[in-house]
Amino acid sequence: MSRTTYGKYGKYGGQFSPEVLMPALAELEEGYEKYKDEPEFLKELNYYLKDFAGRETPLYFAKRLSKKYGTRIYLKREDLVHGGAHKLNNTIGQAILAKYMGKTRLVAETGAGQHGTATAMVGANLGLETVVYMGAKDVERQRMNVYRMELMGTVVNPVESGSKTLKDAINEAMRDWVTNVVNTHYLIGSVVGPHPYPMIVRDFQSVIGREVKEQIMEKEGRYPDSIVACTGGGSNAMGIFYPFVEEKDVKLFAVEAGGSGLKTTEKAALHSASLCTGEEGILHGAHTRVLQDKYGQILESSSISAGLDYAGVGPELAYLAEICRLTPCNVSDDEALAAFHELCRMEGIIPALESSHALAYIKKAAESGELGELVVINLSGRGDKDLETVIKLNKEVHR
Amino acid sequence: MNIPEKFEELRSRGEGALIAYLCAGDPTPGATAGFVQALVRGGADIVELGLPFSDPVADGPTIEAASGRALSAGMNPDVYLEIVASINVDVPLVCMTYYNLIFKRGIEKFVHDCVQSGISGIIVPDLPVEESEELSTSCRKYGVDLIFLIAPTTTEERIERILRHGSGFVYLVSRLGVTGTRSDVSQSTTELLSRVKTKIPKAVGFGISNGNQAAEIIEGGADGVIVGSAFVDIIASGKDVTAKLETLARELKDGVLSVIA
């Protein structure tokens, strides 16, 4: 097949990858093109999405929150997906694809541990050997997820290099793939990396947006004025945005982690806002927006939420921001934490700290009214995994 | 002397090339020039100087750690170019780095600055031929060789494309995986050497650490061997570094010389 585009989104995207992997990327692209519309593949995918993952997920009208902010707010309940986050939509798709392509082993990186857990689930279910790389710092702050992965037979390798977070886990997973490329599928967890990954992950996550389209029509008879999603690498954001990209009246808001302020020191950013503050660069195989120093060294990022703590962002999001189809914005750690507590108390739902960033933007945008009268928030995950973090922070506050 | 001239000289003597790699600035920027001189005294024909990047995905733990040491000691592209300019040896120097550092400086400016400081070739392990047009254009403009890698997994179609775009030498990756020393020379090396048919010199790297392996590679039809992690290990050990670098370079060059190329 012809491979002339190499997955460019405007100037973003591409395949900046070691030569060893280029044939594997081509094989993956060919495999995906071959199977993605095949009835047998789709039947298996849909079976797993429904009976294993528990789709479709509800589009829930948040009555008290709506009343408080004077706008109709719906939550897309990805927190109810098996495993507690949207991550499983993608891992199911890629793992079935890997199986069709004859791969027997999965490697994955994980930040918060949600993607690692979702990979462990499909790995166990499909009988594929599964190895997950996780920054040592994240292993510490997400111990329950490490335990969950291990329960399902996955080997979790803590990564001690660099900043010991997601970007280092990606480096290590890529190294594993380079070494074991013959029998191994690298199951990347976000819309990042070299082509075809940003496309494949987006497509598998787009089930979120497709469901929202139908559900909101049924409930409100129209599309929302705006959709809000938190953005680290950006898979839940691309998943809910993508089916709406052509619906030009629907505003899209990508909420990044503002951390403890949009500042950088010599080696580290105090935030993870690569769309808001990053510059063009090449990271993990793609041309995108990156947190980097003046020489192009990648900065350590920072966020209260491990899942958003990443120095890059999906290339298609960089493109959509560039053409002004989406609005990049950010909220601080404190604002996210306040939104976390607000949802717990007002709706009886414990959100993930990642998703709390999206929730926090409602408050931030309330004054300007820029979100309009009908808003959909992607509640990308549940917060059980974050309880330890939240308890610790509350203690610090009350000390 | 540039890279083609060096290979021409070696070919006329029937010699294979020893290409030695160091991470510039490891453990300090001040140490690098002396290390390079030791390698050349030992017999290195070309020296690859790594410009360290924060996220070296194509490298193994040895070179990643070296990059970390260099960056902590204050390495950056400006310092790198100063170091290169200060090195007084009569062998071609090759810059090996990741694409973001080139992109961020400005592709043409990067190549221009390299040439000014005395670099003859550039290797970018995360830049496949498909994405290389802009860098390739600048390299041609300034007469710098752009050296590409070929892996055991590279298809025939890609080998042809890479050979059309590369110059100086082609860097054959002897096995799957990242950089680092290994005790065996894999069979895939021999296969790969026979698959790559070109007039451009072929150098084999990844995993070579002693004279016997170097000899085997030349025996198998390579025009040169590339050794990196074994030298970096010596630097990491911190003991008698200069003397040991020279000794290992000599052992490797003797291995290369034991076979008539």
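First, a word on scope: everything that follows refers to the structure included in this document.

Criteria and thresholds
Residues numbered from 1 in each chain as written. Chains lettered and ligands numbered in written order. Predicted model: local features only at pLDDT ≥ 70, side-chain atom pairs only at ≥ 80, totals over all residues. Heavy atoms only, no water. Helix = DSSP H or I, 4+ residues; strand = E, 2+ residues; numbered from the N terminus. Rg over C-alpha atoms; globule rule 2.2 N^0.38 Å. Buried < 20%, exposed > 50% of the residue type's maximum accessible area, 1.4 Å probe, protein only. Areas by Shrake-Rupley, 256 points an atom, 1.4 Å probe, with all protein chains shown as cover. Lys, Arg positive; Asp, Glu negative; His and termini not counted. Charge placed at Lys NZ, Arg CZ, Asp CG, Glu CD. Pairing = 2+ DSSP bridges. Axes fitted to C-alpha atoms, helices over the stretch in contact; angles between N-to-C directions. Contact = heavy atoms within 4.5 Å. Buried area = accessible area lost by both parts, 1.4 Å probe. Salt bridge = Lys/Arg side-chain N within 4 Å of Asp/Glu carboxyl O. Polar contact = N/O pair within 3.5 Å; in protein donor to acceptor, adjacent residues only side chain to side chain. Nonpolar A, V, L, I, M, F, W, Y, C, P; charged D, E, K, R; others polar.

Helix and strand content of chain A: 16 helices and 14 strands. The C-alpha atoms of chain A give a radius of gyration of 19 Å, which matches the 21 Å a tight globule of 399 residues would have. Buried residues in chain A amount to 65% of all 399 residues. As displayed, chain A offers around 14,400 Å² of accessible surface, 51% of which is attributable to carbon and sulfur atoms. Side-chain charges in chain A split into 46 positive and 53 negative, and the spacing between the mean points of these groups amounts to 4 Å.

All names here are of chain A. Here we have six strands laid out as an open sheet, ordered 3-4-14-9-10-13, and mixed in their pairing. Each of the sheet's edge strands pairs with one partner strand only, and the pair in question is strand 3 (59–61) and strand 13 (326–331). Looking at each pair of strands side by side, their axes are set apart by 25° on average, direction ignored. As judged from the five bridges shared by strand 9 (residues 226–230) and strand 10 (residues 251–257), these two strands associate in the parallel manner. In the strand pairing of strand 10, Ala229 is matched with Ala254. With respect to the sheet, helix 14 (residues 333–347) is in contact with strand 3, strand 4 (72–77), strand 13 and strand 14 (374–379), its orientation differing from that of strand 13 by roughly 90°.

Note on interface size: it is often stated as the accessible area lost on association of the parts. Facing the 37 residues of chain B at the interface are 35 residues of chain A. Taken over both partners, the interface formed by chain B and chain A buries close to 3,000 Å², and the fraction arising from carbon and sulfur atoms is 56%. The largest share of the area that chain B buries against chain A comes from B:Val57, B:Lys104 and B:Glu131, three residues that together contribute 20% of it. Here chain B is connected to chain A by five salt bridges. Salt-bridge contacts for B:Lys104 lead to A:Glu279; the nearest nitrogen and oxygen are separated by 3.1 Å. At the junction of chain B and chain A, the tally comes to 21 residue pairs in polar contact (both at pLDDT 80 or more). Looking at which element gives the most residues to the side of chain B that touches chain A, the answer is helix 5 (residues 99–105) of chain B, with five residues. Across the side of chain B that touches chain A, the residue classes break down as 20 nonpolar, seven polar and ten charged.

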